[in-house]
Amino acid sequence: MNKIEAEKGISTKPKTDKEVLLDIQNLKTYYPVKGGFLKRTVGNVKAVDDISFTINKGETLGLVGESGCGKSTTGRTILRLLKPTEGKIIFEGKDITTISGTRLRKARQDFQMVFQDPYASLNPTQSVGEIISEPLKNYKSMSKKDIKDEVMDLLSRVGLPPEAYHKYGHEFSGGQRQRIGIARALALKPKLIIADEPVSALDVSVQSQVLNLLKELQDEFKLTYLFIAHDLSVVKHMSDRIGVMYLGNLVEIATNDSLYAEPLHPYTQALISAIPEPNPKKRKKRIILQGDVPSPQNPPSGCPFHTRCPMAKEECSKVKPILKEVKPGHHVACILY
Amino acid sequence: MVNVTAGTAKPQEKSINMSPFAIARRKFLRNKLAMISSFFLLTVIIFSFLAPYITTQDITKVNISLMSLEPGGEHVLGTDKSGRDVFTRLLYGGRISLVVGFSCTALVILFGTVVGSIAGFYGGVVDSILMRFTDFVLNFPFLVFVIVLNTILFGIVNGLYVLIGVISLLSWGGVARIVRSKILAEKENEYILAAISIGCKPSKVIIRHLLPNVLSTIIVQATILFASMIVAESALSFLGFGVPQSIPSWGNMLSASQEADVLRDKPWIWMPPAIILVITILSINFIGEGLKDAFNPKSQR
């Protein structure tokens, strides 16, 4: 299956449901920086600094940004693998920000994660059968035979042969390992899957297979995805809506078409201008940003992007712009709009 | 959907579906030095534990008429200064030395692993408290502590248990540190996050996911510990603070060489335990090396 065929697949996908599945309100995740003799907190790395967004049932929200901008931290915080510093995570109307222990474990059935590195995300001492059956053993009281049948079913759904059941992770290639990871995430039939750069560690030829598999499974199980990536073409292929992150902040969030047709935030414009153009005759203007990403430990005042923004004005360093709806469904955090 | 990578599964591997431990086992079985050492160690263990069936000599009864006999005849390795058969004492002594070494190792590994894995997994305050406690225990002067405790508890508890308990109580710190550092490195892997997100309790994450992946380090550590525990027992017994004098052990037998005339003129009394001790320690260390190689994914044999 190639990419063109798959692109056709998205346009036909129905998008009628508008029910909110996940509501993120003013989420902040700081990593404390300890220093000195008594290991006191001397500062915070503001990995996620006040972001809000919602994900509707059945849709895919893409999250893009360069390395270190807090995409993965956002994903992990939503799954409560990291402790949020502030803000609220509301899943299906229930606040899961502060629950812990058994209640958190129960809640985790509904949201699962596909990890970035297929080589580190499978326990090397477990066979594939053990890996995929573990979530079932943790939550469901099923007989051994039922569990095995279920695992076999999952294996076939993610395109792995039944022989894989007794094999170990190291006997598979990266793409196949990622399929195992997807099967594990699917085992509990979750409502939300957070895919944290699921294809960035894979060869380009294998990437499209895994992406298409994710799409097929979305239709089949009515899944909702939070799709984290740094590859703009991958995100465009996968997402219904896209959020752009910069230095722990969400700078723009819009529908797929709207964002690519008319990027509003100067950062998004620069990102989109960096997508390679397959046609060499077609010349396009490339916006090249100056300087480096500032340290998230000591972010710039005002708009986090003003130090590198080609359109920065004086007031940009004073006022932090908030995310506002400029066009229907198109939110941007920039004083220009 | 077709898997493009299906053909690239390692063709050189004859048997498929091998767990990392199965691969390590195969590598170990091909290591000659380690296999010879294992064979030797097994022989020592079998002989020591079958001692009552091999010789019928009394190990404690003093016999003045048979004092310090040279090897040969009825007494293969001669007799010591109290007229007891050296060979018989060597076999029974091996029993004690190995039992002390093994029990100490087991206790030390158990305690060190529990403390180290809890400290490593939870981190933060728990880690700080447990590791400072570990530092505290590591700072005890070993020899002084053993001597004092042995003296206090003498006659109240069986001397052998006191020794095992005291050695174990003072030696788990190193293992705890090693296990903690391994767990700290291992828990950064994404499969640990995955295990948490599929609903494993912390205890299950440690036991099912973390410990199997640091087990190779623990096993290697255990073999090295086993050797050093036997040495510790011998050293203490040599000084007279270890196993009670009435029970033969390799260290107790060696302590006879504290007398100058035994050391100079009667080598048959102290040479056998010395030699067997050295070879046993060496072979345990070779086994440890072999295991280390076997568990190392980068070494191909």
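Residues numbered from 1 in each chain as written. Chains lettered and ligands numbered in written order. Predicted model: local features only at pLDDT ≥ 70, side-chain atom pairs only at ≥ 80, totals over all residues. Heavy atoms only, no water.

### Points about the overall build of chain A
So the rule is basically this: Here a strand is any run of E in DSSP of at least two residues, a helix any run of H or I of at least four, and the numbering for each starts at the N terminus. Note on areas: Shrake-Rupley, 1.4 Å probe, and residue coverage restricted to the protein chains presented here. For this count, His and the chain ends are skipped, Lys and Arg are scored as positive, and Asp and Glu as negative. Think of each charge as sitting on NZ of Lys, CZ of Arg, CG of Asp or CD of Glu.
Of regular secondary structure, chain A possesses ten helices and twelve strands. In the form shown here, chain A has an accessible surface area of approximately 15500 Å², with 52% of it arising from carbon and sulfur atoms. Charge-centre separation for chain A: the mean point of 49 positive side chains lies 4 Å from the mean point of 38 negative side chains.

### Let's talk about the environment of A:Glu325
All names here are of chain A. Test applied: Any two residues having at least one pair of non-hydrogen atoms within 4.5 Å are treated as being in contact. Counted as a polar contact is a pair of N or O atoms within 3.5 Å, where, for protein atoms, one must be capable of donating a hydrogen and the other of accepting one, and residues adjacent in sequence contribute only when both atoms are in side chains.
Note on placement: Glu325 falls in strand S11 (residues 324-327). For Glu325 and Asn44, which are 281 residues apart along the polypeptide, the C-alpha to C-alpha distance reads 30 Å. Here Glu325 is in contact with His330 and His331, once residues within four sequence places are set aside. At 2.7 Å, the side chain of Glu325 and the backbone nitrogen of Gly329 are in polar contact.

### Re the packing of aromatic side chains
Selection rule: Pairing of aromatic rings covers Phe, Tyr and Trp, the last counted by its six-membered ring, and requires centre-to-centre distances within 6.5 Å; plane angles under 30 degrees mean stacked, over 60 mean edge-to-face, and any other angle means tilted.
Taken as a whole and assessed by the stated rule, the structure comprises eleven aromatic pairs over all chains. Judged by centre distance (4.9 Å) and plane angle (80°), the ring pair of A:Tyr246 and A:Phe305 falls under edge-to-face. Taken together, the residues span a long stretch of sequence, with A:Tyr246 in strand S9 (residues 241-246) and A:Phe305 in the loop between helix H10 (266-273) and S11 at a distance of 59 residues. Summarising the aromatic geometry, the rings of B:Phe133 and B:Trp172 are spaced 5.8 Å apart at their centres and angled 35° between planes, so their arrangement reads as tilted. Linking B:Phe133 in helix H5 (residues 124-138) with B:Trp172 in helix H7 (residues 159-186), this pair joins segments that are 39 residues apart in sequence.

### Some words on the interface of chain B and chain A
Note the threshold: By definition, the buried area sums, over both parts, the 1.4 Å-probe accessible area that each loses when the two are put together. Note on definitions: salt bridges are taken to be side-chain nitrogens of Lys or Arg within 4 Å of carboxyl oxygens of Asp or Glu.
Each partner contributes residues to the interface: chain B has 33 residues there, and chain A has 34 residues. In total, chain B and chain A occlude about 3000 Å² of area from one another, counting both sides; carbon and sulfur atoms represent 53% of this. For A:Glu134, the salt bridge is made with B:Lys204, and the minimal N-O distance between the two is 3.6 Å. Connecting chain B to chain A are eleven residue pairs in polar contact (both at pLDDT 80 or more). Looking at the side of chain B that touches chain A, the elements with two or more residues in it are helix H1 (20-29), helix H8 (190-197) and helix H9 (202-239) of chain B.

### Focus: the UniProt feature "domain: ABC transporter" (unreviewed entry) in chain A
The line we're drawing: UniProt positions are given in the numbering used here, feature names are shortened, and annotations may be inferred rather than shown by experiment.
If you check UniProt for "domain: ABC transporter" (unreviewed entry), the listed places come out as residues 22-272 of chain A in our numbering. For residues 22-272 of chain A, helix accounts for 37% and strand for 28%, while the C-alpha atoms at its two ends are 27 Å apart.

### Structural notes on the confidence of the model for chain A
Should pLDDT be low for a region, the predicted coordinates there are not to be read in detail. Heads up, the condition is: Confidence scores labelled pLDDT are given residue by residue by the predictor and lie between 0 and 100.
Taken residue by residue, chain A gives an average pLDDT of 86. The fraction at 70 or more is 95%. Residue range residues 1-16 of chain A is modelled with pLDDT below 50. Its contacts to residues more than four positions away, or to other chains, number 15 contacts.

### Here's the deal with the pattern of salt bridges
All names here are of chain A. Keep this limit in mind: For every residue, the accessible area obtained with a 1.4 Å probe (protein chains only) is divided by the maximum for its type, and the residue is called buried under 20%, exposed over 50%, and partly exposed between those limits.
Under the criterion given, the structure shown has 21 salt bridges over all chains. With a shortest N-O distance of 3.1 Å, Glu92 and Lys191 are connected by a salt bridge. On the criterion of sequence distance, the pair formed by Glu92 in the loop between strand S4 (86-91) and strand S5 (94-95) and Lys191 in the loop between helix H6 (174-186) and strand S7 (192-196) is long-range, its members being 99 residues apart. The shortest N-O distance in the salt bridge between Glu150 and Lys189 comes to 3.1 Å. Highlighted residues: Glu150 in helix H5 (residues 144-157) and Lys189 in the loop between H6 and S7, separated in sequence by 39 residues. Under the relative-accessibility criterion, Glu150 is labelled partly exposed at 22%.

### What to know about the state of the cysteines
Residue and element names in this part refer to chain A. Stated precisely, the cut-off is as follows: Cysteine sulfur atoms that come within 2.5 Å of each other are treated as a disulfide pair.
Here the structure, examined in full by the defined rule, presents zero disulfides over all chains. Cys309 forms no disulfide, and the closest cysteine sulfur to it belongs to Cys334, at a distance of 6.1 Å. Exposure remark for Cys309: the relative accessible area of 17% places this residue in the buried category. Cys316 carries a free sulfur, and the closest cysteine sulfur to it, the one in Cys303, is 5.8 Å from it.

### Some details on the UniProt feature "transmembrane region" (unreviewed entry) in chain B
All names here are of chain B. UniProt's entry tags residues 33-54, 96-124, 136-154, 160-179, 210-232 and 268-288 with the feature "transmembrane region" (unreviewed entry), counted in the numbering of this structure. With 97% helix and 0% strand, residues 96-124 has its two end C-alpha atoms placed 42 Å apart. Strand forms 0% of residues 136-154 and helix 79%; the C-alpha atoms that close the span are 26 Å apart.

### So, the pairing of strand S6 (residues 111-114) of chain A
Residues and elements named next belong to chain A. Let me state the cut-off plainly: By this definition, two strands are paired if DSSP reports at least two bridges between them.
Residues Phe111 and Met113 line one face of S6 and the alternating positions Gln112 and Val114 line the opposite face, and both faces are buried. Alignment of S6 against S7, held across four bridges, turns out to be parallel. When the sheet's bridge partners are listed, Met113 is paired in S7 with Ile194.

### Focus on a nonpolar patch on the surface
Residue and element names in this part refer to chain B. Put simply, the rule reads: For patch building, the residue pool is restricted to those with more than 30% relative accessible area and no salt bridge; the joining distance is 9 Å between like charges and 5 Å between nonpolar side chains (Val, Leu, Ile, Met, Phe, Trp, Tyr).
Taken together, the side chains of Leu33, Met271, Ile275, Val278, Ile279, Leu282 and Phe286 make up a nonpolar region of the molecular surface, amounting to roughly 580 Å² of accessible area. Sort the elements by how many residues they give to the nonpolar patch and helix H12 (residues 267-295) lands first, with six residues. On the secondary structure map, Leu282 appears in helix H12.

### Re the packing of helix H4 (residues 86-122) of chain B against H5(B)
All names here are of chain B. For clarity, the cut-off: For helices, the fitted line uses only the C-alpha atoms of the stretch in contact; every axis is such a line through C-alpha atoms, and the angle between N-to-C directions lies from 0 to 180 degrees. The crossing is said to be left-handed when, going from far helix to near helix, the turn is anticlockwise and less than a right angle, and right-handed when the turn is clockwise. Gly is put with the polar residues, along with every residue not named as nonpolar or charged; the nonpolar set is Ala, Val, Leu, Ile, Met, Phe, Trp, Tyr, Cys and Pro, and the charged set is Asp, Glu, Lys and Arg.
Contact geometry of H4 with H5 gives a least axis separation of 7 Å together with a crossing angle of 145°. H5 is crossed by H4, and the crossing has left-handed handedness. Contacts between H4 and H5 involve Val115, Ile118, Ala119 and Tyr122 from the first element and Gly124, Val126, Asp127, Leu130, Met131 and Thr134 from the second. Within the contact of H4 with H5, the residues separate by chemical class into seven nonpolar, two polar and one charged.

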